[in-house]
Amino acid sequence: MIEFHEEELLELTGTVYDLSLNAMAESASARLPKGWLRTFSALVAQLRAASHPCRARMVFDGFTVEDGSLVLEPRFPDRVVHGIIRKYRRKLACTCTRCGRPGHERWLGLSRVPLCATCYGLRMLQTEIKLLLQTLDTDEPRQKDVILEDNLSPRVRLLLTDSWRRLQPEGSATVVRCLSAAALEKEAPRLRSLMNELDKQLQGMHGIPPAEPGDFHAG
């Protein structure tokens, strides 16, 4: 049986630095939102380029994503390595977690997530549809229930173009558009189908909580 000294074994299998970096890279696709994978791959490439005998025994413990930010803190002092990580952490902080396009931090409930305008709009539309459908669960008589146009976002108004009716409140000269509960019930199957489609489109947003009414924050 051939015995190797520790230094010779490292030459054959790669340094601890390289091996731990490879393990971290292999776990990325399962642990990162798909919009971040390209930028994270560039980060790993930069760290590989920084491999040097002086870093041979340095170890990467892995990473996490917390509150919309990459957390990667190697347990060794190295200004070059930490500088590379800071650079790409800043890039990821303004990269959409769903599609990889430029974005910025948005609030989703109690979570902060970097999203571009398009993906944020899809998520808000999903939440707004859910809120609208929840109005059908009321126990009050539905035939008199109406939803005023001003109480809905422009995104939802466009979905209901053919369902509006005009109403003139008693004692008012102003005519407003509104949506009756009966009209909303007719639209419900289409809205639920759209919600399912949005669920599929938003599946790449790993770690983001399901759409809830509390999603509404300034974006």
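Not measured: the values here are computed from a predicted model.

Reading the values: rules and limits
- Residues numbered from 1 in each chain as written.
- Predicted model: local features only at pLDDT ≥ 70, side-chain atom pairs only at ≥ 80, totals over all residues.
- Heavy atoms only, no water.
- Helix = DSSP H or I, 4+ residues; strand = E, 2+ residues; numbered from the N terminus.
- Axes fitted to C-alpha atoms, helices over the stretch in contact; angles between N-to-C directions.
- Parallel < 35°, antiparallel > 145°, perpendicular 65-115°, else oblique.
- Contact = heavy atoms within 4.5 Å.
- Nonpolar A, V, L, I, M, F, W, Y, C, P; charged D, E, K, R; others polar.

Draft legend 1. Structural detail: unusual backbone geometry. Of note, the phi angle at Asp67 is positive, near 55 degrees, even though the residue is not glycine. For Asp67, the location among the structural elements is in the loop between strand S1 (64-66) and strand S2 (69-71).

Draft legend 2. Representation of the packing of helix H4 (residues 37-49) against helix H5 (residues 79-93) within the structure. Where H4 contacts H5, the axes come no closer than 10 Å and their chain directions differ by 170 degrees. With respect to each other, H4 and H5 are oriented roughly antiparallel. Across from Thr39, Ala42, Leu43, Gln46 and Leu47 in H4, the residues of H5 making contact are Val81, Ile84, Ile85, Tyr88, Lys91 and Leu92. Here the contact of H4 with H5 is built from residues that sort into eight nonpolar, two polar and one charged.

Draft legend 3. View of the environment of Arg157. Inspection of the secondary structure assignment puts Arg157 in helix H7 (residues 154-159). When the C-alpha atoms of Arg157 and Leu179 are compared, they prove to be 9.8 Å apart, with 22 residues separating the residues in sequence.

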